[in-house]
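In case you want the letters, here they are:
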Amino acid sequence: MRTQLLLFIITGASGVGKTTVMHELRKQMPEFVLFSTDDDNFGSTGKKLEYQDRYNVLFHCARAVALSGRGTIICGTMMPWDAKKCDVYDAFSEVHFINLHCDDATRNARLRGREDAATWTEDMLRQHEEFAQWLLDHADTEYYPPMPTFDSTSTPPAALAEQIKEYIKEKWKGSTGIVS
């Protein structure tokens, strides 16, 4: 007999609201531990780590949390092939990716409104439009289980977090506990 370990990863293009929804989920799901792949999650150490090393650290933390019977949600742009490179990936019985998405105009306006607005050139915006579309196009083929998409275009962050919470709770309820 072994305990099933689940992990949830909220991904999406830059500007879709991953960080904002993470803060709302922390309020709504205090029984879960939430991490970010962003630099601020790692402090000065984050600037020294490559993204794959960050993912690996997060997976180790998520495994430790899961072994205590709690759930973990990682927020940040992560691809399934990057997750599978983590040395404790196979410790999880299920890794559920969740896609946050918004329309191009909304995402571009959000990115242009950031402190780093100068870095968001027309070419960068176009690349993120293509990436967001790739996530939609491959949600059923590159992700197992298939990746659901939640639209942040006009949904308030608290309501969006509520939708994601319901999805996570359903998966958690149906898949946790002792299995043989």
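Criteria and cut-off values
- Residues numbered from 1 in each chain as written.
- Predicted model: local features only at pLDDT ≥ 70, side-chain atom pairs only at ≥ 80, totals over all residues.
- Heavy atoms only, no water.
- Helix = DSSP H or I, 4+ residues; strand = E, 2+ residues; numbered from the N terminus.
- Rg over C-alpha atoms; globule rule 2.2 N^0.38 Å.
- Contact = heavy atoms within 4.5 Å.
- Phe/Tyr/Trp six-rings, centres within 6.5 Å; stacked < 30°, edge-to-face > 60°.
- Buried < 20%, exposed > 50% of the residue type's maximum accessible area, 1.4 Å probe, protein only.
- Lys NZ or Arg CZ within 6 Å of the ring centre and 35° of its normal.
- Pairing = 2+ DSSP bridges.
- Axes fitted to C-alpha atoms, helices over the stretch in contact; angles between N-to-C directions.
- Salt bridge = Lys/Arg side-chain N within 4 Å of Asp/Glu carboxyl O.
- Parallel < 35°, antiparallel > 145°, perpendicular 65-115°, else oblique.
- Left-handed = near helix turned anticlockwise from the far one by under 90°.
- Nonpolar A, V, L, I, M, F, W, Y, C, P; charged D, E, K, R; others polar.
- Arc of directions from axis to C-beta.
- Lys, Arg positive; Asp, Glu negative; His and termini not counted.

(A) Here's a closer look at the overall build of the protein. Scanning the protein for helices and strands turns up seven helices and seven strands. Its C-alpha radius of gyration of 16 Å places the protein within 12% of the 16 Å reference for a compact globule of 180 residues. The dimensions of the protein, computed from C-alpha atoms along their principal axes, are 55 × 35 × 30 Å. Residue pairs at least 24 apart in sequence account for 75% of intrachain contacts in the protein once pairs closer than 6 positions are excluded.

(B) Just unusual backbone geometry, in detail. Between tyrosine 144 and the following residue, proline 145, the backbone shows a cis peptide bond with an omega angle of -5°. In this structure, proline 145 sits in the loop between α6 (122–138) and β6 (149–151).

(C) Main features of the packing of aromatic side chains. Summed over the entire model, instances satisfying the criterion amount to eight aromatic pairs. Ring geometry for tryptophan 81 against tryptophan 134: centres 5.8 Å apart, planes inclined by 80°, an arrangement best described as edge-to-face. You can see tryptophan 81 sitting in helix α4 (residues 80–84) and its partner tryptophan 134 sitting in helix α6, a full 53 residues away along the chain. A residue is classified by how much of its surface remains accessible, and tryptophan 81, at 41% relative accessible area, is partly exposed. Site record: aromatic cluster; members linked through ring pairs are Phe8, Phe32 and Trp172. Directly above the ring of tyrosine 51 sits arginine 54, whose terminal nitrogen or CZ lies 4.6 Å from the centroid.

(D) Local environment of the sheet that holds strand β5 (residues 94–101). With parallel pairing, the five strands of this open sheet are ordered in space as β3-β4-β2-β5-β6. Two strands lie at the open edges of the sheet, namely β3 (32–36) and β6, each paired on one side alone. Strand-to-strand, the axes of this sheet are offset by a mean angle of 20°, without reference to chain direction. Note that β3 and strand β4 (residues 71–75) share five bridges and pair parallel. The residue of β4 that forms the bridge with serine 36 is cysteine 75. Lying over the sheet, helix α3 (residues 51–67) contacts β2 (6–11), β3 and β4, oriented at roughly 160° with respect to β4.

(E) Up close: the pattern of salt bridges. Within this structure, the stated rule accounts for seven salt bridges. Note that arginine 126 is salt-bridged to aspartate 123, the shortest N-O span being 2.3 Å. One end of the pair is arginine 126 and the other is aspartate 123, both in helix α6 and three residues apart, which spans about a single turn. Accessibility expressed as a relative area gives 37% for arginine 126, which makes it partly exposed. Relative accessible area serves as the criterion here: at 37%, aspartate 123 is assigned to the partly exposed category.

(F) Representation of the packing of helix α5 (residues 104–112) against α6 in the model. Where α5 meets α6, the closest approach of the two axes is 10 Å, and the angle between their N-to-C directions is 135°. Classified by the angle between their axes, α5 and α6 sit oblique to one another. The way α5 lies across α6 gives a crossing that is right-handed. Counted together, Asp104, Arg107, Asn108, Leu111 and Arg112 of α5 and Glu122, Leu125, His128, Glu129 and Ala132 of α6 form the full contact between these two elements. Looking at the contact of α5 with α6 residue by residue, the classes come out as three nonpolar, two polar and five charged.

(G) Representation of helix α1 (residues 18–28) within the structure. Listing the buried residues of α1 in full gives Lys18, Val21, Met22, Glu24, Leu25 and Gln28. Looking straight down α1, one finds its buried side chains confined to an arc of 165°; they lie on one side.

(H) Quick peek at the side chain of lysine 165. Within the element layout of this structure, lysine 165 appears in helix α7 (residues 157–175). Buried and without a salt bridge, lysine 165 has glutamate 162 as its closest oppositely charged side chain, separated by 4.1 Å. When residues no more than four places from it in sequence are discounted, the contact partners of lysine 165 are Leu25, Gln28 and Met29.

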